[in-house]
Amino acid sequence: MNLIRLLVIAAVVWLAYVLFKRWLEGKKPQRPGPDGRPQERMVKCDHCGVHVPESQALRSGDQTYCSPEHRDAHRR
Ligand SMILES: [Zn+2]
């Protein structure tokens, strides 16, 4: 009888631990999830100075630009 009680307590403790871990992970602000995106590095446009996410920035050699228009304008 004591062994069954011990197993039940162990199961409850394990369940609480799993739920607590899941709750902790859900609280992490920078965790990439299905709806949230990972934190992205911002780069500055060399023409107008606007900051854009790295994935949206246009690169031309060492320079970064926010749009093709600014890349072309800076090139001239
Ligand atoms: Zn720009």
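Now for a quick tour of the structure. (Residues numbered from 1 in each chain as written. Predicted model: local features only at pLDDT ≥ 70, side-chain atom pairs only at ≥ 80, totals over all residues. Heavy atoms only, no water.)

**Regarding the coordination of the zinc ion**
Formally: Metal coordination here is assigned from N, O and S atoms located within 2.8 Å of the ion, or within 3.2 Å for Na, K and Ca; omission of water means that sites may look incomplete. Only four donors with every angle between 85 and 135 degrees are called tetrahedral; only four or six donors with opposite donors over 155 degrees apart and all others between 65 and 115 are called square planar or octahedral, in that order; all others are irregular. Here's how the labels work: a residue is buried when its accessible area is under 20% of the maximum for its type, exposed when over 50%, partly exposed in between, all with a 1.4 Å probe on protein chains only.
Here the zinc ion is held by Cys45 (SG), Cys48 (SG), Cys66 (SG) and His70 (ND1), and the distances to it run 1.9 to 2.3 Å. For the zinc ion, the 4 donor atoms are set out with angles of 96 to 125° between them, so the coordination reads as tetrahedral. Ordering the donors of the zinc ion by residue number gives the pattern C-x2-C-x17-C-x3-H. Residue classification places cysteine 66 among the partly exposed residues on the basis of a relative accessible area of 23%.

**Overview of the pattern of salt bridges**
What counts here: For salt bridges, the criterion is a side-chain nitrogen of Lys or Arg within 4 Å of an Asp or Glu carboxyl oxygen.
Counted according to the given criterion, the structure contains 3 salt bridges. Of the charged contacts, one joins arginine 59 and glutamate 54 as a salt bridge, the two residues approaching to 3.1 Å between their closest N and O atoms. Of the charged contacts in the structure, one is a salt bridge between aspartate 72 and arginine 71, with a shortest N-O distance of 3.6 Å. Since its relative accessible area comes to 22%, arginine 71 is described here as partly exposed.

**Some thoughts on the environment of cysteine 45**
So the rule is basically this: The numbering of helices and of strands both runs from the N terminus, where a helix is a DSSP run of H or I of at least 4 residues and a strand a run of E of at least 2.
Structurally, the position occupied by cysteine 45 is in the loop between strand 1 (42-44) and strand 2 (51-53). Sequence separation of cysteine 45 and alanine 57 is 12 residues, and the distance between their C-alpha atoms is 7.8 Å.

**Overview of the side chain of threonine 64**
Cut-off, in case you're wondering: Nitrogen and oxygen atoms within 3.5 Å of one another constitute a polar contact, given that in protein one can donate a hydrogen and the other can accept it, and given that sequence-neighbouring residues count only through two side-chain atoms. Contacts are residue-level and defined by heavy atoms, with any inter-residue pair within 4.5 Å sufficient.
Structurally, the position occupied by threonine 64 is in strand 4 (residues 63-65). Threonine 64 gets classed as buried once you look at its relative accessible area, which sits at 9%. Here lysine 44 takes part through its backbone oxygen, which lies 2.9 Å from a polar atom of the side chain of threonine 64. Once residues within four sequence positions are removed from consideration, threonine 64 is found in contact with Val43, Lys44, Cys45, Asp46, Leu58 and Arg59.

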